[in-house]
Amino acid sequence: MDARTAARIGRVVGACLAAGGAVACGGDGGGTDAGTDTGGDPGPDVPVVLSDLAYPDVADDAGNLDGPGDGEPFEDGDAGGDTRGDGEDLSGPDAPLDTPPDIPSDGVAEPGGPDAADAPHIPVVTSCGDGSCDPSENCGACPDDCGACPEDPCGDQTCDGAKGESCATCPKDCGACPTCGDQVCDAPEETCGGCPQDCGACPPACPDGACNGDETCQTCEADCGPCAPACPDGFCNGDETCGTCPKDCGPCPPACGDGECNGTETCKDCPGDCGECPAGCGDGECLGDEDCRSCPDDCGDCPPTLWFRADWSETLDGPIVAGGRLRIRYDLDRLTECRQTHNGYPGWTITVFYTDDLSKPANEVQVVHHDLQGGQSLPFEPEIDVPPDAHDLWFWANNTGVEGCIAWDSDYGKNYMMPVFRPEEVSAPVEWVGWGAGGLDFAYGTEGGPVSKGDVDPVWFFESLLGAEVTTEVRVQAYVHGITDRTYQNAAVAAEVAHTAVSMAAETDFAKGAGSPGATPVLVPLEFEFQADNNFFYRWPFGTFGYVWGIAGGPPPEGLYAFRLAARTPKGPATWVGRPGAPSHPRGLVYAASPDTGCPLFPGEPPPDAGCPGR
């Protein structure tokens, strides 16, 4: 055969070999059952079907033709002549086909190969061009049936991760992979953690065991430790009290005997502060000089006052009750911007806005009165109705000037949220008062915090403890459903509620600067500490509350004093914490200069923690 025909046969055989080797082409790699055995097991004699090839008449070295001479492929009965070069006539119906010359790896036969007798017989079956991509065909060997092979996406100037491209697989599209140490931080592949040489050291993390970078006790207590108490810092801690730091702890609650008629005090329950009730009080009519404070029987209870103070605190002297009334007092020195004038007269006003539903338009009241004849501006205290279904009230204010100036007071846009209580909540008894399984907790107040001594009776305080920077205190918790288990806007609001919706006081003869054992007991308000676990936490500290030092008249006399704790809502009955097993009976409190003089005052064996000599 000529070179062109041999090449065509070679391509077909090469495709067959590429698809699966000699076995896939009809044999197992061994010799055939016709012709000379070439080694290996004889494979089945599978004829080569080359429907698209014609075998022209080609003469061999002896002048014999290797085809039938009709330009058609061999068929049974065609004469073939000597096709192996050994002189044997292979003509006839069983004559084998010419074996092609050696087929190189690219599937194209080269002329001048070995004698046909020495070449392996490779039967091939192919159907390329029948429109079906058979398992033995692929896009490389038969694009007519299998289609063109897809183009390699690498090099199309697009780094397509969906096609498996990356800096490692296709730098032409994706660029070279980052190299740590080239002084360029290639994000996101390189980070401060993986390549600090390029990206720099990672910033300090909280916690990492070191107080560094921008970390402070406020931003990272775990690394920098707790902040030292400071007034104000938003937390009532350390030795802070309502007396020493009202901005953190809230103002001290009203107490009968403090010289001011405030809170819920009236002439009936606190004539020392409010004066004697006037004549005619009780006749059912609120007349003359009678008002809610001087004659509540005739004039009714005074509404609580919400006071916006000049120091930017907000205080209450009673709980806000749904369906009741509320008085608003606004210090004019709180909001001093926009004080404009018109023709020499004040051209400004302060307005307080309030609502129980922020989705609705707010109500408003004026809180300043300009006395033009007297030439002064005075606060005006309006009273508002509290909606009967209100749960909270929101407040904010502004000062507007005649020339268009506006200054706002809204807690930086958050507004001031004050809780509203149902009437039954402020008249219910305090459901639980105590500390754990006991009635109270006696503790040493130290620089590192309170150290509990448990529920002991009597408790004690020795002035000598102050030399070691130690005080003692009584601690107690209270629970009232709907009051102590409610969420408030901040700690300052919770403190207002803890002194108005709940009252916690010690009834004792150990009075500030004036008490003595056996004297008429008075009520001493306890300090509110914080809200946690649905309870309010209170304490009665000795030594830092003005009992022992820093008061006019000096300390009270040494002795065994008495006290019991009373917890109540404004209109509810008292819940007492007294002697264990007899809560209405008072407990004891030993006060002395030192253990030397104090230990003999204990009614029984002094407790071990009292530090009594010889014990």
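Residues numbered from 1 in each chain as written. Predicted model: local features only at pLDDT ≥ 70, side-chain atom pairs only at ≥ 80, totals over all residues. Heavy atoms only, no water.

**Here's the deal with the pattern of salt bridges**
Applying the stated criterion to the full structure yields 18 salt bridges. A salt bridge links Arg475 to Asp441; its shortest N-O distance comes to 2.6 Å. Highlighted residues: Arg475 in strand S18 (residues 471–479) and Asp441 in strand S15 (residues 441–446), separated in sequence by 34 residues. The same class applies to Arg475 as to Asp441, namely buried. A salt bridge links Glu527 to Arg539; the nearest nitrogen and oxygen atoms lie 3.4 Å apart. Of this pair, Glu527 sits in strand S21 (residues 527–532) while Arg539 sits in strand S22 (residues 535–542); the two residues are twelve residues apart in sequence, bridging distant segments of the chain. We note that Glu527, like Arg539, is buried. A single network of salt bridges, built from pairs that share partners, joins Arg325, Arg327, Glu383 and Asp385. (Salt bridge = Lys/Arg side-chain N within 4 Å of Asp/Glu carboxyl O. Helix = DSSP H or I, 4+ residues; strand = E, 2+ residues; numbered from the N terminus. Buried < 20%, exposed > 50% of the residue type's maximum accessible area, 1.4 Å probe, protein only.)

**What about the nonpolar core?**
Phe395, Tyr538 and Trp540 are the most contacted members of the largest nonpolar core, which totals 78 residues. For this core, the element with the highest residue contribution is helix H9 (residues 491–500), accounting for five residues. (Core = buried A, V, L, I, M, F, W, Y, C linked by side-chain atoms within 4.5 Å.)

**Some thoughts on the packing of aromatic side chains**
Two measures describe an aromatic ring pair: the distance that separates the ring centres and the angle between the ring planes. A complete count under the given rule lists 21 aromatic pairs for this structure. Plain terms: the ring middles of Phe353 and Trp396 are 5.9 Å apart, the flat faces sit at 10° to each other, and that makes the pair stacked. Placement of the pair is Phe353 in strand S6 (residues 348–355) and Trp396 in strand S11 (residues 392–401), with a sequence separation of 43 residues. The same class applies to Phe353 and to Trp396, which are both buried. In this structure an aromatic cluster arises from ring pairing among Phe461, Phe510, Trp540, Phe542, Tyr561, Phe563 and Tyr591. The side chain of Arg309 reaches across the aromatic face of Trp307, ending 3.6 Å from its centre. (Phe/Tyr/Trp six-rings, centres within 6.5 Å; stacked < 30°, edge-to-face > 60°. Lys NZ or Arg CZ within 6 Å of the ring centre and 35° of its normal.)

**Observations concerning the confidence of the model for the protein chain**
Across the protein chain, pLDDT averages 78, with 73% of residues at or above 70. Element-level pLDDT for the protein chain is lowest in helix H1 (residues 3–24), with a mean of 49, against a maximum mean of 98 in strand S13 (residues 416–419). Across residues 15–124 the pLDDT falls below 50, and counting only partners more than four positions away or on other chains, this stretch makes 158 contacts in the model. This model gives residues 545–552 a pLDDT under 50, and the stretch forms 24 contacts once residues within four places in sequence are excluded. (pLDDT = per-residue confidence, 0-100. Contact = heavy atoms within 4.5 Å.)

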